[in-house]
Amino acid sequence: MPPVSTTECRFITVEGIDGAGKSTHVTAMVERLRARGREVVHTREPGGTALAEALRELILHRPMDALTEALLIFAARRDHLRQVIEPALARGATVVCDRFTDATFAYQGAGRGFDTAVLAQLEAWVQEGRHPDLTLWFDVPPAVAAQRLAHARVPDRFEQEPQRFFERVAEGYRERARAHPQRFVMIHSDAPLEAVRAQVEAALAARGL
Ligand code: TYD
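Notes on the structure follow. (Residues numbered from 1 in each chain as written. Predicted model: local features only at pLDDT ≥ 70, side-chain atom pairs only at ≥ 80, totals over all residues. Heavy atoms only, no water.)

Describing the site of the ligand
Here's step 1: Contacts to the ligand come from 16 residues, most closely from Asp-18, Arg-56, Arg-99, Thr-104 and Gln-108.
Here's step 2: Contacts to the ligand include Arg-56, whose side-chain N or O atom sits 3.0 Å from an oxygen atom.
Here's step 3: Measuring from an oxygen atom of the ligand, one finds a side-chain N or O atom of Arg-99 at 3.0 Å.
Here's step 4: Protein burial of the ligand: of its 550 Å² of free accessible surface, 90% is covered by the chains.
Here's step 5: With respect to the pocket detection grid, the ligand is positioned in the largest pocket.
Here's step 6: Among the secondary structure elements, those contributing two or more residues to the shell around the ligand are α2 (50–61), α3 (66–90) and α4 (101–111).
Here's step 7: Top contributing element to the shell around the ligand by residue count: α4, with 4 residues. (Near = heavy atom within 4 Å. Polar contact = N/O pair within 3.5 Å; in protein donor to acceptor, adjacent residues only side chain to side chain. Areas by Shrake-Rupley, 256 points an atom, 1.4 Å probe, with all protein chains shown as cover. 1 Å grid on protein atoms, 1.4 Å probe; cavity = no way out; pocket = protein on both sides within 12 Å on 5 of 7 lines; lining within 4 Å. Sits in = over half its atoms within 2 Å of the grid points. Helix = DSSP H or I, 4+ residues; strand = E, 2+ residues; numbered from the N terminus.)

Next up, the structure:
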């Protein structure tokens, strides 16, 4: 399945460490795009299909080694791409995906210390050249994110990690942003809600969205 060109910016991903506060803004972004007449598929990873959501439950809650974790995440991604993302892009829809492969490089690569050359190989096999057109990266100091998470519901396997894990994950995102400056937009999310919303709107408007 060769990737359809989405130069008009139709595959949008949203990233950030746990507690970065992206959820509210993703919903607002989807509403904005729909209000402009676009068909928008709002989805997430790991997940987005029945199979990938079942894998998500295992990934978030069952103990496993780093390679198993990486393989399950990419298995879920493969199903999601084939069942949802590629068909949506092929019919002209816009896809807004809460987390994608940058999360794998940040969490499994930088966070867990898993070999990024292996991740890059899996990325190439699974995605066959498909990459996001735009990635909104919600950046927040890990200490602020930890405070926000302290009020969260029962933590999953990732949310239970100590702050130093999230410091590595944040650094992993920074590296990805440096490597892909043309698609990454950093959103300073340690700011009042309205100020964060304004940054998101500016990033979309700059791409005609
Ligand atoms: P998240 O998307 O933050 O959902 P919720 O807001 O419901 O907690 O949770 C998914 C978790 O999975 C998050 O902690 C990051 C992790 N994750 C990875 O470790 N690697 C990946 O490739 C992806 C997509 C997510």
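Digging into the pattern of salt bridges
Here's step 1: Here the structure, examined in full by the defined rule, presents 18 salt bridges.
Here's step 2: Two residues, Arg-157 and Glu-69, come together in a salt bridge whose shortest N-O distance is 2.5 Å. One end of the pair, Arg-157, is in the loop between α6 (142–150) and α7 (163–179); the other, Glu-69, is in helix α3, and 88 residues separate them in sequence.
Here's step 3: For Glu-69, a relative accessible area of 0% translates into the label buried.
Here's step 4: Residues Arg-130 and Glu-86 are paired through a salt bridge, measuring 2.8 Å at the closest nitrogen-oxygen approach. Of this pair, Arg-130 sits in the loop between α5 (116–127) and β4 (134–139) while Glu-86 sits in helix α3, and the two are 44 residues apart along the sequence. Considered together, Arg-130 and Glu-86 belong to a single accessibility category, that of buried residues.
Here's step 5: Three or more residues are tied together by salt bridges with common partners; here these are Glu-69, Arg-112, Arg-157 and Glu-161. (Salt bridge = Lys/Arg side-chain N within 4 Å of Asp/Glu carboxyl O. Buried < 20%, exposed > 50% of the residue type's maximum accessible area, 1.4 Å probe, protein only.)

Regarding the side chain of Thr-94
Here's step 1: Inspection of the secondary structure assignment puts Thr-94 in strand β3 (residues 94–98).
Here's step 2: Given a relative accessible area of 1%, Thr-94 falls into the buried group.
Here's step 3: One polar contact links Thr-94 to Arg-38, side chain to side chain, over a distance of 2.7 Å.
Here's step 4: In contact with Thr-94, not counting residues within four places along its chain, are Arg-10, Ile-12, Leu-33, Arg-38, Glu-39, Val-40 and Val-41. (Contact = heavy atoms within 4.5 Å.)

Focus on the environment of Leu-149
Here's step 1: Within the element layout of this structure, Leu-149 appears in helix α6.
Here's step 2: With residues near it in sequence (within four places) discarded, Leu-149 still touches Asp-18, Gly-19 and Glu-159.

Structural notes on the nonpolar core
Here's step 1: In terms of nonpolar packing, the biggest core is built from 41 residues, with Ile-17, Met-29, Val-96, Tyr-107 and Leu-136 touching the most fellow members.
Here's step 2: Considering every element that reaches this core, the biggest residue donor is α7, with 6 residues.
Here's step 3: Excluding anything up to four places from it in sequence, Met-29 contacts Ile-12, Val-14, Val-96, Leu-136, Val-200 and Leu-204.
Here's step 4: Of all hydrophobic cores here, the second largest spans 18 residues; its members include Val-41, Leu-81, Val-84 and Leu-89. (Core = buried A, V, L, I, M, F, W, Y, C linked by side-chain atoms within 4.5 Å.)

What about the packing of α3 against α5?
Here's step 1: Packing of α3 against α5 leaves a shortest axis separation of 10 Å and a crossing angle of 20°. Of the possible angle classes, the one that applies to α3 and α5 is roughly parallel. Like other packed secondary-structure pairs, α3 and α5 cross with a definite hand, here right-handed. The residues of α5 that touch α3, namely those facing Ala-70, Leu-71, Phe-74, Arg-77, Arg-78 and Leu-81, are Leu-119, Leu-122, Glu-123, Trp-125, Val-126 and Gln-127.
Here's step 2: Of the residues assigned to the contact of α3 with α5, the class counts are 8 nonpolar, 1 polar and 3 charged. (Axes fitted to C-alpha atoms, helices over the stretch in contact; angles between N-to-C directions. Parallel < 35°, antiparallel > 145°, perpendicular 65-115°, else oblique. Left-handed = near helix turned anticlockwise from the far one by under 90°. Nonpolar A, V, L, I, M, F, W, Y, C, P; charged D, E, K, R; others polar.)

Considerations on a nonpolar patch on the surface
Here's step 1: A cluster of nonpolar residues, Leu-67, Leu-71 and Val-118, forms a patch on the protein surface that exposes about 210 Å² of accessible area.
Here's step 2: Along the polypeptide, Val-118 turns up in helix α5.
Here's step 3: Val-118 sits in the partly exposed class, given a relative accessible area of 31%. (Patch = residues over 30% accessible without salt bridge, like charges linked within 9 Å, V, L, I, M, F, W, Y side chains within 5 Å.)

Let's talk about the side chain of Lys-22
Here's step 1: Within the element layout of this structure, Lys-22 appears in the loop between β1 (11–16) and α1 (23–35).
Here's step 2: Polar contacts involving the side chain of Lys-22 include one to the side chain of Asp-98, which spans 2.6 Å.
Here's step 3: The contacts of Lys-22, once residues within four sequence positions are left out, are Val-14, Glu-15, Gly-16, Asp-98, Arg-99 and Phe-138.

By themselves, these figures tell us nothing about what the structure is for.
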